[in-house]
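Working through the structure, step by step
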Amino acid sequence: MSTTSELTRLREFLNELIPSEDQLVRLYQNFCAQIRKGLGSKTNKDASTKCYLTYVQDFPTGNETGKYLALDLGGSKFRVLLIHLKGDSEAEQITKIYDLTERELHSTGVELFDYIAKCLHEFVCEQKVDNEHMPLGFTFSFPCVQTGLSRATLVRWTKGFNCSDTVGEDIGLMLKAAIARRPGLRIDMVAILNDTTGTQMSCAHRNPSCNIGLIVGTGCNACYTEKVENCERLDSKYKDKPKIIINVEWGAFGEKGGVDHLFTDYDRTVDQNSINRGSQIFEKMVSGMYMGELVRLILLRAVNENLVFAQCKLRKHITDILTKKPHCIETKVLSDIANDRGDDWPLVKDVFKQVFNLNNADPDDCMKFKFICDVVVKRSGNMIGVTLSGLVNKVGESFSVIGVDGTVYRCHPNFDGYMRETLDRFVDKDYKYDMMLSEDGSGRGAALVAAVVHRDYMERKSLNAKLRQ
Ligand code: BGC
């Protein structure tokens, strides 16, 4: 058994990863200041959270009907969907997943979009809808400056994507051009949206109180509904509708120093080893792409300081693996082992076997490993709870529903609770909130945006016809 002093030493060692109340308060204040800057027309250029206008101003009623196509690009897989909205908040969908290899992730933009158009073409032929000229919503989960619903200029790639000749280009035009290069493919791309927007829309489809969308997966980001009068950058012609969804792009928070007080050497190393150094700082502290790496770096130092595996015969071998094999601990592990209650540590032992080829690990080392993983996940959940509180308070509704999606949120049994710990402390007492798991926000949300765009178009058309009579 570990002595109490050993555990106290490990806790002290991990202390810098356990935010204090004061540090969380500072995080809250810094984040709110960045949101204010992001919204202001003069201050936006200095903001880390750019608060992009999405031009999504119409919300689902639940009565949407019709067939729509959706594309979903933004994680490790690329998906094409055929969605049938049936009214009464009901929908049916057929989804096909296509692999994205390193080749596509690092190709040229033209190659990437040709691949997407090829998959789309195969899909509509397989589903026998190639003659139907359907509206398509494109979930493209990267920071974009939008100038309308179907116009989006890519600002930067994140999450390990890095295709050349794309940054600064209009993604909508690139997709349309790739579709046009395929004879026989007739698709009407009506909207480009972020996965957070899709998540908010798909939850709003079932519950109109949903005014925030959150993703905690490979990447991390949120969006929320803002009053148009608070959007200085929005052209007055869009101000006849009362609200608009803002894509916060909070993954970039911290690029101007907002999280320095919580940044550790481990975070610094994760950033230094990434392909986008200095960018997406908040995302690198909290999202699925990086949490496994944080655990690897922490464990390595803990082993070197004789805090874990001190008596293990394979200690040297474990250190070698941790040193030489970046990403040897996947973030999925953090969720898997959270369910290990520690009777005989079967789940942690399984990980040790897979990663280090270690059999019969010492129960104390299992417990310590679980503790390290938990500290990293809890820091993420607590930090996200703080930034979410900033949005709940900004929305200022007596009751807000937060639509959530992403593998970390879905798979980790304690993540929801860790977010609530800080939400309960930072959300203004006059406001209530709840969280709602999204049903495939990236797919259904894209179809819903396509549907509300279509509805708006039909309404305007009939109004014009009446005016002409
Ligand atoms: C992107 C966001 C996206 C988030 C979640 C981030 O890396 O910048 O646009 O919403 O990942 O997928």
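Residues numbered from 1 in each chain as written. Predicted model: local features only at pLDDT ≥ 70, side-chain atom pairs only at ≥ 80, totals over all residues. Heavy atoms only, no water.

**Notes on the packing of aromatic side chains**
For clarity, the threshold we go by: When the centres of two rings from Phe, Tyr and Trp lie within 6.5 Å, Trp using its six-membered ring, the rings pair. Their planes under 30 degrees apart give stacked, over 60 give edge-to-face, and anything left gives tilted. The numbering of helices and of strands both runs from the N terminus, where a helix is a DSSP run of H or I of at least 4 residues and a strand a run of E of at least 2. Here the term buried applies to any residue with accessible area under 20% of the maximum for its type, exposed to any over 50%, and partly exposed to those in between, with areas from a 1.4 Å probe on protein chains only.
Tallied over the entire structure, the rule returns 19 aromatic pairs. Centre to centre, the rings of Tyr55 and Tyr238 are 4.8 Å apart; their planes meet at 65°, and the pair counts as edge-to-face. Residue Tyr55 is located in the loop between strand E1 (52-53) and strand E2 (65-73), and its partner Tyr238 is located in the loop between strand E10 (220-227) and strand E11 (243-247); the two are separated by 183 residues in the primary sequence. Exposure remark for Tyr55: the relative accessible area of 11% places this residue in the buried category. Judged by centre distance (6.5 Å) and plane angle (50°), the rings of Phe78 and Tyr115 are tilted.

**Digging into the UniProt feature "domain: Hexokinase N-terminal" (unreviewed entry) in the protein chain**
Counted only if it meets this: UniProt positions are given in the numbering used here, feature names are shortened, and annotations may be inferred rather than shown by experiment.
Residues annotated by UniProt as "domain: Hexokinase N-terminal" (unreviewed entry) correspond here to residues 10-204. Helix makes up 34% of residues 10-204 and strand 26%. Its end C-alpha atoms lie 44 Å apart.

**Details of the site of the ligand**
Test applied: Residue proximity to a molecule or strand is established when one non-hydrogen atom of the residue lies within 4 Å of it. Within 3.5 Å is the distance limit for a polar contact, defined as a pair of N or O atoms, with the added protein rule that one can donate a hydrogen and the other accept it, and that residues adjacent in sequence qualify only through two side-chain atoms. Values of accessible area rely on a 1.4 Å probe in the Shrake-Rupley scheme; residue burial ignores everything except the protein chains shown. Three classes are used, and their members are as follows: Ala, Val, Leu, Ile, Met, Phe, Trp, Tyr, Cys and Pro are nonpolar, Asp, Glu, Lys and Arg are charged, and the others, Gly among them, are polar.
Around the ligand, a shell composed of 15 residues is seen, among which Thr158, Asn194, Asp195, Glu249 and Glu283 lie nearest. For the ligand, an oxygen atom lies 3.4 Å from a polar atom in the backbone of Phe142. Thr158 places a polar side-chain atom, nitrogen or oxygen, 2.7 Å from an oxygen atom of the ligand. Contact with the protein chains hides 98% of the accessible area of the ligand, taken as 310 Å² for the molecule alone. Only helix H6 (195-206) and E10 provide two or more residues apiece to the shell around the ligand. Considering only residue class, the shell around the ligand consists of four nonpolar, seven polar and four charged.

**Structural notes on unusual backbone geometry**
Although it is not a glycine, Phe309 sits at a positive phi angle of roughly 55°. On the secondary structure map, Phe309 appears in the loop between helix H9 (288-304) and helix H10 (315-324). You can call Phe309 buried: its relative accessible area is 1%.

**Considerations on the pairing of strand E6 (residues 144-148)**
For clarity, the cut-off: Only strands that DSSP links by at least two bridges are regarded as paired with each other.
As judged from the four bridges shared by E6 and strand E7 (residues 151-154), these two strands associate in the antiparallel manner. Its bridge partner lying in E7, Gly148 is registered against Arg151. Linking E6 back to E7 in an antiparallel pair, the connection comprises two residues.

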